[in-house]
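# Structural overview for review
So you can see what is in the structure, the chains are spelled out below.
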Amino acid sequence: MVKQTNKTVPIVRRKGLFRVERAFLKSPVDFLADCQKIYGNTFVVHLFRRKLYVTSDPESMKYVLQTNNKNYIKDAGSRQLKLALGNGLLMNEGESWMRQRRLAQPAFYKKRLDGLFDVMVDVVEDFCNKMEQHRGNPNPINITSEMNTVTADVVMKTLLGTDLDIDSEDVQETILSAQNYIIKRIRQPYMRPVMYLDGRARKFKTDLDRFDKIIYDAIDERQKTGEMGNNLLSMLIETKDADTGAGMNRQQLRDEVMTMYVAGHETSANALSWTWYLLTKHPDVYKKVKTEVQEVLGNRRPELADLKAMQYTRQVMEESMRCYPPAWATGREALTTDHIQGYQVEKGELVFLSINNLHHDPELWENPDEFNPDRFSPEQVKARSKGHYIPFGAGPRMCIGNHFALMEIQLLLACMIRKFDFERDEKHLVQREALVTLRPKYGVKVWVK
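This text gives an overview of the structure that appears in the document. For clarity, every value in this text was computed on a predicted model and none was experimentally measured. In this numbering scheme, every chain counts its residues from 1 along its sequence in written order. For a predicted model such as this one, the threshold for reporting local features is a pLDDT of at least 70, and the threshold for listing and counting side-chain atom pairs is 80 or more; totals across whole chains, interfaces and linings nevertheless cover every residue. Remark: hydrogens and water are excluded; side-chain values derive from all non-hydrogen atoms of the structure.

## Regarding the packing of helix α14 (residues 283–297) against helix α16 (residues 311–323)
Counted only if it meets this: Axis definition: a line fitted to C-alpha atoms, over the contacting stretch in the case of helices. Angles run 0 to 180 degrees between N-to-C directions. Only DSSP runs of H or I reaching four residues or more are called helices, and only runs of E reaching two or more are called strands; each is numbered from the N terminus. Just so you know how the angles are binned, under 35 degrees is roughly parallel, over 145 roughly antiparallel, 65 to 115 roughly perpendicular, and the rest oblique. Left-handed is the label given to a crossing in which the near helix is rotated counterclockwise from the far helix by less than a right angle, and right-handed is the label when the rotation is clockwise. Contacts are assigned to residue pairs that have any heavy atoms within 4.5 Å of one another. Three categories are distinguished: nonpolar for Ala, Val, Leu, Ile, Met, Phe, Trp, Tyr, Cys and Pro, charged for Asp, Glu, Lys and Arg, and polar for the others, with Gly belonging to the last.
Two elements in contact, α14 and α16, have axes whose closest approach is 8 Å; the angle formed by their N-to-C orientations is 140 degrees. When the axis of α14 is compared with that of α16, the two are oblique. Where α14 crosses over α16, the handedness of that crossing is left-handed. Contacts between α14 and α16 involve Val285, Lys288, Val289, Glu292 and Val293 on the former and, on the latter, Gln311, Tyr312, Thr313 and Val316. Split by residue class, the contact of α14 with α16 holds five nonpolar, two polar and two charged.

Written out as structure tokens, the structure is:
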């Protein structure tokens, strides 16, 4: 981009000591959405003496994520995720990232993912059979918890290709606890010494060690026996660099598996939770989805081609991720001084890309707070710039598992709505919580009918 004359960036101001910090810590997604309404799609926030350049302008986001992406690395806060994920694709940078991406990419080619579809169907159908126990019960269930359980099972079976003796509820609680620990370190760095003293750091390490053992045992078993199968871990073990012939070492495999497991199941679970929340608020849309699914699937086992045939179901899924993007924001740090759409960003400054604000920009979306799956009809998608909707990011670092996630979410949605009717408990509070992902803070409760 040609450098332009510097423009003045609006600065967010709140009266009172630490008013900005308190508002951000209380709910960053709501705070940034409010700022967008007042200051537009680009503004500066000062948080604990750090300057945060926030933007949801599609051209600016494209510039940072794609056009000049080499000048922007993961910000210092995001790098805290390395504590859990290691140096997997989500956290790696530079030449090391490029090499790792080349190694991992073949495992996510559409043709290879298609081969995992039957594995997904087995897990989903088994889950639906277990859900029968909740049908007609007087007490509602937390559908968010159920979505975390089944997506964790899908990822575990497709990733490692095996059933492990794992308590799903324990896994969910552990991942949430780990998220809270890391988010606390990111947003309140002054709390880090306290977290070593009060035992939170020790608990985090203990939980991580337990996950590591599960993953390393699976890796070692594959490499010892040489028995590979139709799963992502086997694909990662077998892939070799085209130039050097080298594969991933044990640590790299661990980091990629951990990244895929943690990121892969929670983002899908949150996307499904928000979709059920929206569907149970809009009975007309719910009925239309159910009719389409019944017409396409009937009572038979789902096939891969069915996903394409369920166009409206796909639209509902896409609109849900516009309203509640699981990956609600991403941060970058400028390696050199740069100009973004005429605004100067200094070396080392933080650029915060608000995907949630982008997806709710009234300049880009008519009635942005309204749930309207027709936005994603083929005609409207074709007429709209791709940069207006980026639930999986954009540019070379776009989520490598996006096709896997879309396949999983649509299959689960279709199989569940075909077999059950859900009625939401309207007395139960549903509130956005922006951790690493955007989740319903207290879950979504429904009756199964």
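## Concerning the environment of Leu253
Filter applied, for reference: Exposure is judged per residue with a 1.4 Å probe applied to protein chains only, and the accessible area is read against the type maximum: over 50% gives exposed, under 20% gives buried, and values in between give partly exposed.
Relative to the helices and strands, Leu253 resides in helix α13 (residues 250–281). In this structure Leu253 comes out as buried when scored by relative accessible area, which is 0%.

## A short note on the packing of aromatic side chains
Pairs of aromatic rings are described using the distance from one ring centre to the other and the angle between the two planes. Short version of the rule: Pairing of aromatic side chains here covers Phe, Tyr and the six-membered ring of Trp, requires ring centres within 6.5 Å, and sorts the geometry by plane angle: under 30 degrees stacked, over 60 edge-to-face, intermediate tilted. We call a charge positioned above a ring when the Lys NZ or Arg CZ atom is no farther than 6 Å from the ring centre and deviates by at most 35 degrees from the ring normal.
With the rule as written, the count across this model stands at 13 aromatic pairs. When the centroid spacing of 3.9 Å and the interplanar angle of 5 degrees are considered together, the rings of Trp274 and Tyr324 count as stacked. Highlighted residues: Trp274 in helix α13 and Tyr324 in the loop between α16 and β5 (329–334), separated in sequence by 50 residues. Across the pair, exposure class does not vary: Trp274 and Tyr324 are buried alike. The rings of Trp274, Tyr277 and Tyr324 are connected pair by pair, giving a single aromatic cluster. The ring of Tyr343 has Lys7 sitting right over it, with the charged end atom 4.7 Å from the ring centre.

## Points about the sheet that holds strand β4 (residues 141–142)
Just so we agree on the cut-off: Two strands qualify as a pair provided DSSP detects at least 2 bridges between them.
Spatial ordering of the open sheet is given by β4-β12-β9, a layout of three strands whose pairing is antiparallel. Pairing within the sheet leaves two strands with one partner each, and these edge strands are β4 and β9 (422–424).

## Re the pattern of salt bridges
Where charged atoms from two side chains of opposite charge come close, those side chains can pair. We apply this condition: Throughout this description, the term salt bridge denotes a Lys or Arg side-chain nitrogen within 4 Å of a carboxyl oxygen of Asp or Glu.
Counted by the stated rule, this structure contains 24 salt bridges. Residue Arg397 is joined to Glu93 by a salt bridge in which the shortest nitrogen-to-oxygen separation is 3.4 Å. Highlighted residues: Arg397 in the loop between α18 (378–383) and α19 (402–419) and Glu93 in the loop between α4 (82–85) and α5 (94–104), separated in sequence by 304 residues. What makes Arg397 partly exposed here is its relative accessible area of 23%. You can call Glu93 partly exposed: its relative accessible area is 23%. Between Arg301 and Glu125 there is a salt bridge, with the nearest N and O atoms lying 3.4 Å from each other. Here the residue Arg301 occupies a position in the loop between α14 and α15 (304–309), and Glu125 occupies one in helix α7 (residues 117–131), the gap between them amounting to 176 residues.

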